[in-house]
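Letter by letter, the chains look like this.
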Amino acid sequence: MAIHQKAMKSTRRSSTGEILETKYTLKSHQKQGRRNTSTEVTFFSEDDQFETDHMIETRETDYTELFQSITSMSWEDIQSPSSTISFITDTAYFFEEQQYGDKTAWSNVSRVDLSRDAISNTLSSKSQDQLYNYISRIIRSHNNVPYHSVHHIFHVLICANKMLHMIQDQPQDQTSDLAKSIQSHRFLQFAFIFSALIHDLDHQGVSNQQLIDQGHRLARKYNGSSVSIAESHSVDLAFEILSHDEYNDLVKEIFGQGENGIHMLDKFHESVRDLVLTTDIANVDRKQKVAKNYQRLMNNDLLHEDEKVLYALEQCLLACDVAPLQQSWTVYRQWCLQLWIEFKEADTKTKISCSCDGKHSKKEPYCKPSHQWNDLQICFLDGYIFPLSRRLDEMEIFTTEDGKKFFDLANTIKKRWT
């Protein structure tokens, strides 16, 4: 099956140059055997004076179709200039029109079917409004930093959703027991998507070590280097916002009421904290814990079903957080530039946390990443990305083709560097 997609923006102006109408069109062409299917989705800007009530009513469907087109794209092309996701995130329209951003992000959350026991297929209109509002708050709570911004969050969110789709969308007779466990565990699927949404909330654009060196208020709050400062803050802030009275209906509908509801919310909070703290790859203690969890998973230790799924999703979230290094060169290049700019603006010194052999090894305990970028990228690929890619394949939660794809794409990027 081949899917070809094209997104276009067109503007109609008056004779004096005044913008009269802005139209966004997504064209998707799918070919499967002899069958050809074409879909065209059109929507208008919020301030479009020609927008009718009918357009507003049909827009709900347009968002669903748009989201389905996004998740149908290949893993390697997520947020490349030729992909539909790029025209969303790379235009000010997405961020200026918060309603559109909310509904797109909401599509990611709703795809995993929210519910308390495995999360209910539908939410009431009141709870949906509260969820839109919550996601809007989360979007606005991200800082305008070069890399760890809402652009990065949206990319990780789409990648996380794509991974779930890849796990779900495979022949049952070729699906491993672990993949089937993930497929059926809606609660942890929701925790996984939620973690992707909030994992870098209010990121300061600098490393945890630099927060400590600067005596930043977050370093003082979380008391030292043994704690994942930025990650802990993201989780705490996300749940602090969720605890506001304006989200009571949403929380009760998802997790239930009374003692059982409190228990389910606490369990969800614990799962999200575990997943988000996993992304602090500079924390030695956390890295060792995640490595131990993976070994227990692969050694078939006597694990509860929740533990198996959680440990597998830890690896998946790690991969989504650094997804550009396992995607196409075009996608990688634009994210690589943003990260370089963030390091340069922070003017930070960071430890070389990956183990490299040969000419890429560094004897110095510290270096400025923006000054030694080539070596650092190769070092990170060798010491972190390649082992992670192999773990994704070894878990056998993807098809054979998809499982090997992560390593192959990372290797292609390394070849371009060397």
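Residues numbered from 1 in each chain as written. Predicted model: local features only at pLDDT ≥ 70, side-chain atom pairs only at ≥ 80, totals over all residues. Heavy atoms only, no water.

> Teacher, can you tell me more about the pattern of salt bridges here?
Here the idea is simple: oppositely charged side chains can pair when their charged atoms come close. A full pass over the atoms with the stated rule returns eleven salt bridges. Note that K267 and D306 form a salt bridge whose closest N and O atoms lie 3.1 Å from each other. Of the two residues, K267 sits in helix α13 (residues 258–278) while D306 sits in helix α15 (residues 305–321), which places them 39 residues apart along the sequence. Between K405 and D402 there is a salt bridge, with the nearest N and O atoms lying 3.3 Å from each other. With K405 and D402 both in helix α18 (residues 400–417) and three residues apart, the pair spans about one turn of that helix. (Salt bridge = Lys/Arg side-chain N within 4 Å of Asp/Glu carboxyl O. Helix = DSSP H or I, 4+ residues; strand = E, 2+ residues; numbered from the N terminus.)

> Help me out: how do you make sense of helix α5 (residues 125–140) in this one?
Think of an α-helix as 3.6 residues a turn; residues three or four steps apart then line up on the same face. Taking 1.5 Å per residue, 16 residues should reach 22 Å; α5 reaches 23 Å between its end C-alpha atoms and fits that length. Every buried residue of α5 is accounted for by S127, Q130, L131, Y132, Y134, I135, S136, I138 and I139. (Expected span 1.5 Å × (residues − 1). Buried < 20%, exposed > 50% of the residue type's maximum accessible area, 1.4 Å probe, protein only.)

> What am I meant to see in the confidence of the model for the protein here?
Should the pLDDT be low somewhere, the predicted coordinates at that spot are not to be read in detail. On average, residues of the protein score 75 in pLDDT, and 66% of them reach the 70 mark or higher. The model gives residues 84–121 a pLDDT under 50, and that stretch makes 113 contacts with residues more than four places away or in other chains. Across residues 351–355, confidence stays below pLDDT 50; counting only partners more than four residues off in sequence or on other chains, it has twelve contacts. (pLDDT = per-residue confidence, 0-100. Contact = heavy atoms within 4.5 Å.)

> I'm lost on the side chain of H203 in this one. Help?
Here H203 is to be found in the loop between α8 (186–198) and α9 (208–213). On the basis of relative accessible area, H203 is assigned to the buried category, the value being 8%. Polar contacts involving the side chain of H203 include one to the main-chain amide nitrogen of G205, which spans 2.9 Å. If sequence neighbours within four positions are ignored, H203 has contacts with N143, V145, H148 and E342. (Polar contact = N/O pair within 3.5 Å; in protein donor to acceptor, adjacent residues only side chain to side chain.)

> Explanation requested: helix α17 (residues 373–394) in the structure shown.
In a regular helix each residue adds 1.5 Å, so 22 residues correspond to 32 Å; α17 covers 30 Å between its end C-alpha atoms and thus fits that length. The sharpest bend along α17 reaches about 40 degrees and sits at L381. The positive-phi residue at the C-terminal boundary of α17 is E396, with phi of around 60 degrees. (Bend = angle between axes of the 7 residues up to and from the residue.)

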